[in-house]
Amino acid sequence: MYGLIRPLLFGLDAERSHDLTLRALCMAPWLGSLSSRVPSLPTTLAGLSLRNPVGLAAGLDKNGIAIDAFFKMGFGFVEIGTVTPRPQLGNPQPRLFRLKEHEAIINRFGFNNLGVDALCANVDRAKHRLGPLGINIGKNKDTDNDHAIDDYRFCLERVHSRADYITVNISSPNTAGLRALQEAASLYALLASLRETQLKLSSSRRVPMFVKIAPDLNEADIEAIAKVLEQDVVDGVIATNTTLERATVAGHVHADEVGGLSGAPLIARANEIVRELRSALGDAFPIIGAGGITSLADAASKITAGANAVQLYSGLIYRGPSLVRDSVAAIAKLKQ
Ligand SMILES: Cc1cc2nc3c(=O)[nH]c(=O)nc-3n(C[C@H](O)[C@H](O)[C@H](O)COP(=O)(O)O)c2cc1C
């Protein structure tokens, strides 16, 4: 089915096709049958019960308008956002580019979203939460890093009662200065403070908090980040966001577009980060692997690298919803 639709979608401007697909998904009753084709592979992640360990990565449904549809597609968990306290338009268009030959995407959206109150209203309307719903939080563009904590805390407080987990996104390359929050001292200050808020809010229900990191970090950076994460400031880590690297797509007409690269060219680097995190953090620390899954072998390779669960985005655009089923099947086979 997706094979038939894809040429039509790929014939349109990338962002227009993205918007149309999301809107169509909100109305697609046929999605009900897709989830029944996805094998069951119960997995526990940071105390959350997943029907399978394949999730939707953040950024596809920034405002949470198609939550039901993504669960019906068979995802074991769905992450919406990144959401910021106030609505913002993001960067001027064009800001989304397909690199078809590489099964890759470059985006510089810049956290375009309707703001946290609109997202909460959409979450309240969702009817088929067939698994954990993650809400990914960020800061507004015009909030400087010295006040970033206020934005994250504001979002955390707003979404807490509605989320099954919360992701602190400090790794988008499209908000100037955001990635500086990954530096150990800033990271500790941010996460320790958010942890306090999380624990205060968690008196009746514990909502795990994850942090999402970039692939553009060297081994020393990863070790420094791991040391922070070991101090019980988060419940898990998502690795990785999009990359600034372009070596894998050099020569492509869109290779030099500013933004983050995702999809197939990211798999090796993202897996390497998962391996380094696993080695630094030990067996018990929850790691969610994202970046570059476009085939069942890719999904399995993330688990082999040390991830407890995986997320995908670009692969869904190139391969369609069958990638969810194939990924779950490949991971199930690995675990037999
Ligand atoms: C168009 C686009 C928008 C994205 N927006 C966000 C976002 O708002 N927040 C976030 O944490 N990650 C965002 N991401 C990153 C993805 O969640 C994911 O980490 C990354 O794309 C790597 O996975 P993939 O290779 O399967 O796409 C975005 C990715 C794409 C392609």
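Residue numbers restart at each chain and count upward from 1, following the sequence in its written direction. It should be noted that, the model being predicted, local features are given only for residues of pLDDT at least 70 and side-chain atom pairs only at 80 or more, the latter also being counted only at that level, while totals for whole chains, interfaces and linings use all residues. Water and hydrogen atoms play no part in the side-chain values, which are based on all heavy atoms of the structure.

## Here we look at the environment of Lys333
So, step 1. Per the convention used, a helix needs a DSSP run of H or I reaching at least four residues, while a strand needs a run of E reaching at least two, with both numbered from the N terminus. Assignment of secondary structure puts Lys333 in helix H12 (residues 322–335).
So, step 2. Sequence separation between Lys333 and Ala300 is 33 residues, and the spatial gap between their C-alpha atoms is 8.7 Å.

## Topic: the sheet that holds strand S12 (residues 287–290)
The strands that make up a sheet pair up through hydrogen bonds in the backbone, lying either parallel or antiparallel.
So, step 1. The strand order around the closed barrel built from eight strands is S3-S4-S7-S8-S9-S10-S12-S13, with neighbouring strands paired in parallel fashion. The mean inter-strand angle of the sheet, taken between neighbouring strand axes irrespective of direction, is 25°.
So, step 2. Note that strand S3 (residues 54–56) and strand S4 (residues 77–83) share two bridges and pair parallel. For Gly55, the partnering residue across the bridge sits in S4 and is Phe77.
So, step 3. Strand contacts of helix H10 (residues 296–305): S12 and strand S13 (309–312), with the helix running at about 140° to S13, the strand carrying the most contacts.
So, step 4. Should any heavy atoms of two residues lie within 4.5 Å, those residues are considered in contact. Fitted lines through C-alpha atoms serve as axes, helices being fitted only where they are in contact, and the angles separating the N-to-C directions of these axes extend from 0 to 180 degrees. Across the sheet, H12 touches S3 and S13, and the angle it forms with S3 is around 150°. A pair of strands counts as paired when DSSP detects no fewer than two bridges linking them.

## Considering the environment of Gln311
So, step 1. Within the fold, Gln311 resides in strand S13.
So, step 2. Categorising residues by exposure relies on relative accessible area from a 1.4 Å probe, with only protein chains included: less than 20% of the type maximum marks a residue as buried, more than 50% marks it as exposed, and the intermediate range marks it as partly exposed. On the basis of relative accessibility, which here comes to 1%, the residue Gln311 falls in the buried class.
So, step 3. For the pair Gln311 and Val324, spaced 13 residues apart in sequence, the C-alpha separation works out to 9.6 Å.
So, step 4. Residues within four places of Gln311 in sequence aside, it is in contact with Gly55, Leu56, Ala57, Phe77, Glu79, Tyr165, Ile238, Ile288, Gly289, Ala290, Gly291 and Ile293.
So, step 5. A polar contact is formed between the side chain of Gln311 and the side chain of Tyr165, at a distance of 3.4 Å. In the analysis that follows, any N or O atom pair within 3.5 Å is treated as a polar contact, provided that within protein one partner can donate a hydrogen and the other can accept it, and provided that, for residues neighboring in sequence, both atoms belong to side chains.

## Things to note about the state of the cysteines
So, step 1. Put simply, a disulfide is two cysteine sulfurs that come within 2.5 Å. Taken as a whole, this structure holds zero disulfides when the rule is applied.
So, step 2. The closest cysteine sulfur to the non-disulfide-bonded Cys155 is located on Cys120, 8.6 Å from its own sulfur.

## Describing the pairing of S4
So, step 1. Across the seven residues that make up S4, a large majority, seven, are buried.
So, step 2. The parallel pair S3 and S4 is bridged by helix H4 (residues 67–72), and the resulting crossover is right-handed.
So, step 3. Here five bridges tie S4 to strand S7 (residues 133–137), and the two strands are oriented parallel to one another. Bridge pairing in S7 links Ile80 to Ile135. With its strands directed away from the observer, a crossover is right-handed exactly when the path from the first strand over the helix to the second travels clockwise.

## Considering the confidence of the model for the protein
So, step 1. Residues with a pLDDT of 70 or more make up 100% of the protein, whose mean pLDDT is 96.
So, step 2. Ranking the elements of the protein by mean pLDDT puts helix H3 (residues 32–35) last with 79 and S12 first with 99. pLDDT expresses, on a scale from 0 to 100, how confident the predictor is about each individual residue.

## Focus on the pattern of salt bridges
So, step 1. Salt bridge, as used here: a side-chain nitrogen of Lys or Arg that lies within 4 Å of a carboxyl oxygen of Asp or Glu. Scanning the model with the defined rule gives 15 salt bridges in all.
So, step 2. In this structure, Arg95 and Glu15 form a salt bridge, with 2.8 Å as the shortest nitrogen-oxygen distance. With Arg95 in the loop between S4 and strand S5 (96–99) and Glu15 in helix H2 (residues 14–26), this pair connects stretches of sequence that are 80 residues apart. Residues Arg95 and Glu15 agree in their burial class; the two are buried.
So, step 3. Overlapping salt bridges, with partners in common, bring together Arg195, Arg206, Asp232 and Asp235 in one network.

## Some details on the site of the ligand
So, step 1. Throughout, the term near means that a residue has one or more heavy atoms lying within 4 Å of the molecule or strand in question. Contacts to the ligand come from 24 residues, most closely from Ala58, Thr82, Lys212, Gly292 and Ser314.
So, step 2. Interatomic distance of 2.9 Å between a side-chain N/O atom of Lys62 and an oxygen atom of the ligand.
So, step 3. A distance of 3.1 Å separates an oxygen atom of the ligand from a polar side-chain atom of Asn169.
So, step 4. In these tables, accessible area is a Shrake-Rupley quantity obtained with a 1.4 Å probe, and a residue counts as shielded only by the protein chains included in the view. Considered on its own, the ligand offers 600 Å² of accessible surface; in the complex 98% of this is hidden by protein.
So, step 5. Counting residues per element, the ones that place at least two in the shell around the ligand are S4, strand S6 (104–107) and strand S11 (260–263).
So, step 6. Here the term charged refers only to Asp, Glu, Lys and Arg, the term nonpolar to Ala, Val, Leu, Ile, Met, Phe, Trp, Tyr, Cys and Pro, and the term polar to all other amino acids, Gly among them. Looking at the shell around the ligand residue by residue, the class counts come to eight nonpolar, 14 polar and two charged.

## Focus: the nonpolar core
So, step 1. Residues Phe70, Phe75 and Tyr152 are the most contacted members of the largest nonpolar core, which totals 90 residues.
So, step 2. Examining the composition of this core, we find that six residues originate from one element, helix H6 (residues 148–159), more than from any other.
So, step 3. For Phe75, the residues in contact, after removing those within four places along its chain, are Arg51, Asn52, Val54, Gly55, Leu56, Phe70, Leu312, Leu316 and Val324.
So, step 4. As used in this record, nonpolar core signifies buried Ala, Val, Leu, Ile, Met, Phe, Trp, Tyr and Cys residues forming a set joined through side-chain atoms within 4.5 Å. If you look at the next biggest cluster of nonpolar residues, it comprises 10 residues, including Leu48, Leu50, Ala290 and Ala309.

## A few points about the sheet that holds S6
So, step 1. Strand order in the open sheet formed by three strands is S5-S6-S11, and the pairing between neighbours is antiparallel. Where the open sheet ends on each side, the last strands, each with one partner, are S5 and S11. Neighbouring strand axes in the sheet, compared pairwise and without regard to direction, differ in orientation by 25° on average.
So, step 2. As judged from the four bridges shared by S5 and S6, these two strands associate in the antiparallel manner. Paired with Leu96 across the two strands is Asn107, which belongs to S6.

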